[in-house]
Amino acid sequence: MRVKQLLVLPNLPEKLGPLQEMANNLWYCWNWEVVQLFIRLDPDIWEESHQNPVEMLSRLPQEILSRAAEDEAFLNSLNKIYEKYEDYLKRNKWFHQQYSQYEDRRIAYFSLEYGLDTGLPVYSGGLGVLSGDTLKSASDLGLPMVAVGLLYRYGYFRQFLSSEGWQQERYEENDWYHMPVELVKDEHDRPLKVSVHLDNVPVQLQIWKVKVGLVPLYLLDTNIAENSSKAREVTSVLYGGDKDMRIRQEIILGIGGVRALRALGLNPSIYHINEGHSWFLTLERIKMLMEEHQLSFREAAQYVWSTTTFTTHTPVPAGNEKFDPVLVHRYLGDHVKQLGLSWQEFLSIGRMNPDDELEHFGMTVAALRSSAFANSVSQLHGVVSRHMWHNLWPGLPVEEVPIRAITNGVHPASWISHNMKELFVSYLGPQVRERPGDLEVWKKVLKIPDVELWRVHNRRRERLVFFARKQLRKKLERQGASQIEIQRADQMLDPHVLTIGFARRFSTYKRGGLLFSDPDRLDRIVNDEERPVQIIVAGKAHPLDNPGKEIIRDIVKATAEDRFRQRIVFLEDYDINLARYLVQGCDVWLNNPRRPQEASGTSGMKAALNGAVNLSVLDGWWVEGYDDEAGFKIGNGEEYDNVVVQDQVESEALYSALEREVVPLFYSRNDIDLPDRWITMMKNSIHMAGERFSAQRMLMDYTNQFYIPALDSAAAMSDNGFALDREVTKWLDRVTASWDKISIIDISLPELGSVVQVGTRIPVKMKVKLGDLAPEDVAVEIVAGHLDSQERFTDFSPAMAGLNGSSPDAEGIYTYAGEVVCQKTGRFGISARVIPQNEHLLHTRRPKLINWW
């Protein structure tokens, strides 16, 4: 059957044109005034449309649109908001003020998912929401960023619970023509397409554009008629299918993403890879450089290395993507041949041990080898990552493994309730909205009157309770519950009671059941007559994660007990909308993962911005955020080998914190019935999160530490036909080939005895053989510091040694000299090492290029 297709658009009166324009830019989702306009048109249709303004405009009866076009008050509001929108798009922002000379460059940002708003469901959880917050903040800061992802036909699953509490999944097809996405057309008004070969079959990709403020997001789609049914499935479901599906998705994202940008006329200077999912983009970039600029593979790879940022988000080895080499060869064998690499050479890029024929191809390993800039997402995660990937840099101390830490952040305007925003504008000034990168503004939070902050927060708690009751009614109606049970939902929870929120992905390490490990004790806490507590739980388990589903089932079963029915509820189908209600209305945000398995976590940051107080294990971001005046901790940051013991100890710590600290402080009131000490903690929590854990701060860190140096490197390396890139690559080849001939022959110290005093300066001389290399090719460093019982450095700082004379002796040995200072008491050691030195390299921490005495 053949079908002629037409796109039917709503017949919008001309006066409402700005409404249509703003509906197609995700800017609306962090600007409440725009949302209010749609709610004014018809609040019921707004909810029925999943808070998606494009779908809403298509559903609205013509009479409502016509009436709005004649409503002077509505048009006045619309025009004022549209002026703000136009001003936002035009005005100079932080990046222009700091780095205007770079505004003609592009930063490409790749992620497998983006959580931007409820009305665009192409996300599953933390990584997606972080990516979405990154794009919004990039827009606020004026970064010249372009993003790439996949357009999932079904997105992630909708969660429904059976009457027994077992998670069930349902996939709903997305209607892109009623969402804020636009199909990109070529000059002939036909869909712009690129092609990628999968299993020797060309697969066509069409490109959809999402406007995120000033940042364009391009989503790739294989669900088109020219493709086979197998190819059309590639962009069907997020995190669905087997390894075969995953590698096809990641090839489309990486290789297809680079080709799509080229087809769009965009040539980004630098690329940012999130997780290893999009690492295949480096292969396409290398191939293009080889073809267009006649670079060798090593020259092209060196340029790509110097212009790539990689962020690892996973703190456990099992969570990092790996593929069987047979599967990789099936899909990439021909591509690798075009690069001039042998298959073994290619596999060595993704293996910790290149000689291990049984090791699978690791995407994270490949990304770390291919990126000059690599980072974790919290300080603790940085420590974990450097230990996890230490073997990629044998001989380098763990502390110097080149994986930095840039702690995640959240987009404040997307997560702070509109009631709280209005309060902030009143006391912090309009700059809290207009200049979100101005971190100093958050200090003014402390000046907000207690009574006003408490009134706003109480209102949000009430809204959360009413929303929870509404969700519970919907669930009971769907499950076929009796009318009595449905009516009982209206009595669940109390808008005046201390409310704890726990919402996240239900993976076993997050320990969703920890709070329920002693039901009798929990009963006493939540049902205390004078100081009651209520708990709202939400979250999804991966469809294949039965242990996670069992935790959900056990919690739902507990909530059905008479003693918990009024105090503990589980809300199904956790998404951005539900998350907003929770973080904006809870008093306490609970997080109890097994340390150190939480890379960062961001939900607690969102809650803190709304005045919630965190109660958390010292893991992820909370290691940095915790202060006893801004929140509570579970334990003291201990780590355990026995998880059973860990759960016992930390469940006790959790209950004790609730009984002795959290609950008493919340219910402690002053003479005007205000919890003044609790409100002070709320202010400290807001101040802490706003100043230190915004995505604007995060992106400033990325810009200052990674993007600007990478942009400088891109310009320098590509100038004059990539002359410097060719020169540096040739130098690296020469140094690598000669490195085994380097040795430190001897270290000599003056006769000081075995005991010296603090502050003693010790001159050090070294005899170094450089083989075929010259002194300018290397740096000789003295390494001195504290030693542990196994004579390993635990606290050290390298000091550069100077060359004595310009020529070696008759045996080809150079003399270097320097000095160390004994600054602390205890066991002290002195050694030396040789590392490469080249002013044009972003860093010289290259695998295997380090020689110790």
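To keep things clear, this report deals only with the structure shown in the data block. (Residues numbered from 1 in each chain as written. Predicted model: local features only at pLDDT ≥ 70, side-chain atom pairs only at ≥ 80, totals over all residues. Heavy atoms only, no water.)

Tallying each qualifying case throughout the model produces 52 salt bridges. One salt bridge in this structure joins D189 and K185, with 3.8 Å as the shortest N-O distance. Judged by its relative accessible area of 55%, D189 is exposed. A salt bridge links R792 to D788; its shortest N-O distance comes to 3.0 Å. Overall, D788 belongs to the buried group, its relative accessible area being 18%. Here the residues in one salt-bridge network are R158, R170, E172, K540 and D573, joined through shared partners. (Salt bridge = Lys/Arg side-chain N within 4 Å of Asp/Glu carboxyl O. Buried < 20%, exposed > 50% of the residue type's maximum accessible area, 1.4 Å probe, protein only.)

Let us look at the packing of helix α20 (residues 450–478) against helix α24 (residues 576–585). For the pair α20 and α24, the least separation of the axes is 8 Å and the interaxial angle reads 140 degrees. The orientation of α20 with respect to α24, classified from their angle, is oblique. Crossing geometry of α20 relative to α24 is assigned as left-handed. Here H457, R460, R461, R463, L464 and F467 of α20 lie close against α24, whose contacting residues are N577, L578, Y581, L582, Q584 and G585. A per-class count over the contact of α20 with α24 returns five nonpolar, four polar and three charged. (Axes fitted to C-alpha atoms, helices over the stretch in contact; angles between N-to-C directions. Helix = DSSP H or I, 4+ residues; strand = E, 2+ residues; numbered from the N terminus. Parallel < 35°, antiparallel > 145°, perpendicular 65-115°, else oblique. Left-handed = near helix turned anticlockwise from the far one by under 90°. Contact = heavy atoms within 4.5 Å. Nonpolar A, V, L, I, M, F, W, Y, C, P; charged D, E, K, R; others polar.)

Take the sheet that holds strand β28 (residues 851–852) next. Reading across from one edge, β24-β23-β27-β28 is the order of the four strands in this open sheet, with antiparallel pairing throughout. Of all the strands in the sheet, just β24 (793–800) and β28 have a single pairing partner and so form its edges. Of the pairings in the sheet, the one linking strand β27 (residues 828–836) to β28 comprises two bridges and is antiparallel in character. Paired with V834 across the strands is N851, a residue of β28. (Pairing = 2+ DSSP bridges.)

It is worth spelling out the environment of G126 at this point. Within the element layout of this structure, G126 appears in helix α8 (residues 126–141). The exposed category is assigned to G126, whose relative accessible area is 51%. When the C-alpha positions of G126 and R567 are compared, they lie 27 Å apart, and in sequence the two are 441 residues distant.

Another point: the side chain of Q584. Mapped onto the elements, Q584 comes out in helix α24. The exposure class of Q584 is buried, given its relative accessible area of 7%. Excluding its chain neighbours within four sequence positions, the residues that come into contact with Q584 are W415, I416, S417, H457, R460 and N610.

Here the focus is helix α10 (residues 243–263). The first and last C-alpha atoms of α10 sit 29 Å apart over 21 residues, in line with the 30 Å expected at 1.5 Å per residue. At G256, α10 shows its strongest bend, of approximately 35 degrees. With 18 of its 21 residues buried, α10 lies for the most part within the structure. Put simply, D242 is the residue that caps the front of α10, since its side-chain oxygen is 3.2 Å from the backbone nitrogen of D244. One or two positions beyond α10, positive phi appears at G265, with a value near 80 degrees. (Expected span 1.5 Å × (residues − 1). Bend = angle between axes of the 7 residues up to and from the residue. Polar contact = N/O pair within 3.5 Å; in protein donor to acceptor, adjacent residues only side chain to side chain.)

With that settled, the discussion passes to the pairing of strand β22 (residues 761–769). In β22, alternate side chains face the same way, and those of I762, V764, M766 and V768 are buried while those of R761, P763, K765, K767 and K769 on the opposite face are not. With five bridges joining them, strand β21 (residues 743–748) and β22 adopt antiparallel strand pairing. The residue of β22 that forms the bridge with I747 is M766. Bridge analysis of β22 against strand β26 (residues 813–821) gives nine bridges, and the strand direction is antiparallel. Note that in β26 the partner of K765 across the bridge is A817.

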